[in-house]
Amino acid sequence: MWIFTHGLASLICVGLIKEDSQEFIIKMLLDVGAANGYFSFYFESLGAERVVAVDLPRYINHDSPRWYLDKKVATLSSEELEEIDFHELHGGFIVAREILESRVEMRHHRVYDLAEALGERFDFVFCGSLLHHLRDPVLGLESIRDVMNPGAKLILSTPVDLTDPKTSYALFVGEPSLPAWWVPSPEGLKRMCRMAGFSQCEWITSFEITRKKEPKIVDIIGIVHVADSQVSDSVP
Ligand SMILES: C[S@@+](CC[C@H](N)C(=O)[O-])C[C@H]1O[C@@H](n2cnc3c(N)ncnc32)[C@H](O)[C@@H]1O
């Protein structure tokens, strides 16, 4: 049996996470956009006390243009939609969790709903290759900040544009069949974090990944460490 895990940022992130692994001891850890749980299970294996993985409840909850989703959904029966939910969102995690005899907890929420839905805070958050799926990445980051404890750290990996790294901008992808809205420059990404209320954002590195499917588009993934000394008021 094959279990497909996105693990997009895997090689580099795993290296970085290993360096940070001291932080996982007795930590409450949140993996946002966890997909089939590649990183959630890895954090658990490093010794995180409790790992909560979050991904979408249903395929139709993707933050895609409304008209595009409506058009796609109109061609599918409810059984076909349930099948997509299982194969693209939930099935792989369930199987992997069972095989690994893992205690990782999966919750199905949109990133925008985290604070209300989870009602608790975490010491460490990983958000791998999710931000570009959001039409409002700053709101997504604000939501993540709302569930972080004071002094907690966020590792964020997302596609970036390195043409002019020191200038703040974000490319608008504008192609509905690609699940991407914004591709920021490194400076743009740092400012998004700042606008979301994080007081510290450190650029770590970037690396290339080439999609296996045609067209073989090369994405550049940037990684930042984000933290905040203060706590937002809207936390439960
Ligand atoms: C490219 S995968 C990344 C998986 C994994 N974090 C990694 O780095 O390999 C992005 C994941 O984010 C989830 N996702 C997309 N939009 C989301 C949203 N608005 N709220 C929560 N999760 C979302 C998708 O369902 C998908 O599983």
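What counts as what
- Sequence order as written defines residue numbering, which begins from 1 separately in each chain.
- Per-residue local features of the predicted model are confined to residues with pLDDT of at least 70, and side-chain atom pairs are confined, for both listing and counting, to 80 or more; whole-chain, interface and lining totals are unaffected and use all residues.
- Under the scheme used here, helices are H or I runs from DSSP no shorter than 4 residues and strands are E runs no shorter than 2 residues, and both carry numbers assigned from the N terminus.
- A residue is called partly exposed when the number of other C-beta atoms within 10 Å of its own lies between 12 and 20, exposed at 12 or fewer, and buried at 20 or more, with C-beta atoms placed from the backbone.
- Any residue pair is listed as a contact if its two C-beta atoms, each placed from the backbone, are within 7 Å.
- Axes here mean lines fitted to C-alpha atoms, for a helix over just the part in contact, with angles spanning 0 to 180 degrees between N-to-C directions.
- If an angle is under 35 degrees, it is roughly parallel; if it is over 145, roughly antiparallel; if it lies from 65 to 115, roughly perpendicular; otherwise it is oblique.
- Crossing handedness is read from the near helix: turned anticlockwise from the far helix by less than a right angle, it gives a left-handed crossing, and turned clockwise, a right-handed one.
- When residue character is reported, Ala, Val, Leu, Ile, Met, Phe, Trp, Tyr, Cys and Pro are called nonpolar, Asp, Glu, Lys and Arg charged, and the others, Gly included, polar.
- Strands qualify as paired when DSSP identifies two bridges or more between them.
- Remark: nonpolar core denotes a set of buried Ala, Val, Leu, Ile, Met, Phe, Trp, Tyr and Cys residues whose joining runs through C-beta atoms within 7 Å.
- What pLDDT conveys is the predictor's confidence in a given residue, as a value from 0 to 100.
- Orient the strands so they point away from the viewer, and a crossover whose first-strand-to-second-strand path over the helix runs clockwise is right-handed.

**Q** Help me out: how do you make sense of the overall build of the chain in this one?
**A** What the chain contains, in helices and strands, is 7 helices and 9 strands. The 236 residues of the chain split such that 36% are buried. In the chain, the share of contacts with a sequence separation of at least 24, taken over all contacts with a separation of at least 6, comes to 68%.

**Q** Mind showing me how you'd approach the packing of helix α6 (residues 137-145) against helix α7 (residues 186-195) here?
**A** Contact geometry of α6 with α7 gives a least axis separation of 8 Å together with a crossing angle of 55°. Our classification of the angle between α6 and α7 gives oblique. Considering the relative orientation of α6 and α7, their crossing is right-handed. Residue-level inspection shows P137, V138 and L141 of α6 in contact with α7, the latter providing M192, C193 and M195. Of the residues in the contact of α6 with α7, the class split is 6 nonpolar, no polar and no charged.

**Q** Looking at this model, I keep getting lost on the sheet that holds strand β8 (residues 200-210). Mind explaining?
**A** Adjacent strands of a sheet form backbone hydrogen bonds with each other and so pair up, either parallel or antiparallel. An order of β3-β2-β1-β4-β5-β9-β8 is seen for the 7 strands of this open sheet, with the pairing classed as mixed. At either end of the open sheet lies a strand with only one pairing partner, and these are β3 (105-108) and β8. Here the strands of the sheet are splayed against their neighbours by 20° on average, with no regard to which way each runs. Where strand β2 (residues 50-55) meets β3, 4 bridges bridge the pair, whose relative direction is parallel. In the strand pairing of β3, V52 is matched with E105. Of the strands in this sheet, β1 (28-32), β4 (122-128) and β5 (148-159) are in contact with α6, which crosses β5 at around 145°. Set on the sheet, α7 makes contact with β5, β8 and β9 (218-227); between it and β9 the angle comes to about 35°.

**Q** Explanation requested: the nonpolar core in the structure shown.
**A** Within soluble globular proteins, side chains that are nonpolar generally end up buried alongside one another. Residues V32, V125, C127, I144 and C193 are the most contacted members of the largest nonpolar core, which totals 51 residues. Not counting residues up to four positions away in its chain, the partners in contact with V125 are L30, V32, I144, M148, A152 and L154.

**Q** Help me understand the confidence of the model for the chain, please; the structure alone is not making it clear to me.
**A** Detailed reading of the predicted coordinates is not advisable wherever pLDDT is low. In the predicted model, the chain carries a mean pLDDT of 87, and 88% of its residues have values of at least 70. Segment residues 231-236: pLDDT under 50, and 11 contacts once partners within four positions in sequence are set aside and those in other chains are kept.

**Q** Just to check I follow, could you spell out the pairing of β4 for this structure?
**A** Where a strand is regular, its side chains alternate between the two sheet faces. Of all the 7 residues making up β4, 7 are buried; the element is thus mostly covered by neighbouring parts of the structure. One ladder, built from 4 bridges, connects β1 with β4; its direction is parallel. Pairing of L29 across the sheet is with F124, part of β4. Chirality of the crossover, the property in question, places the unit of β4, α6 and β5 among those that are right-handed.

**Q** Help me understand helix α2 (residues 38-46) in this model?
**A** In an α-helix, one turn spans 3.6 residues, which is why side chains three or four residues apart end up on the same side. Within α2, 7 of the 9 residues are buried, which leaves the element mostly enclosed by the surrounding structure. Listed in full, the buried residues belonging to α2 are Y38, F39, S40, F41, Y42, F43 and E44. G47 sits one or two residues past α2 and shows a positive phi near 110°.

**Q** Whenever I open this one, the pairing of β1 confuses me. Can you help?
**A** A large share of β1 lies buried, amounting to 4 of its 5 residues. Examined bridge by bridge, β1 and β2 share 5 bridges and lie parallel to one another. Bridged to L30 within β2 is V52. On the question of chirality, the crossover connecting β1 to the parallel β2 by way of α2 is right-handed.

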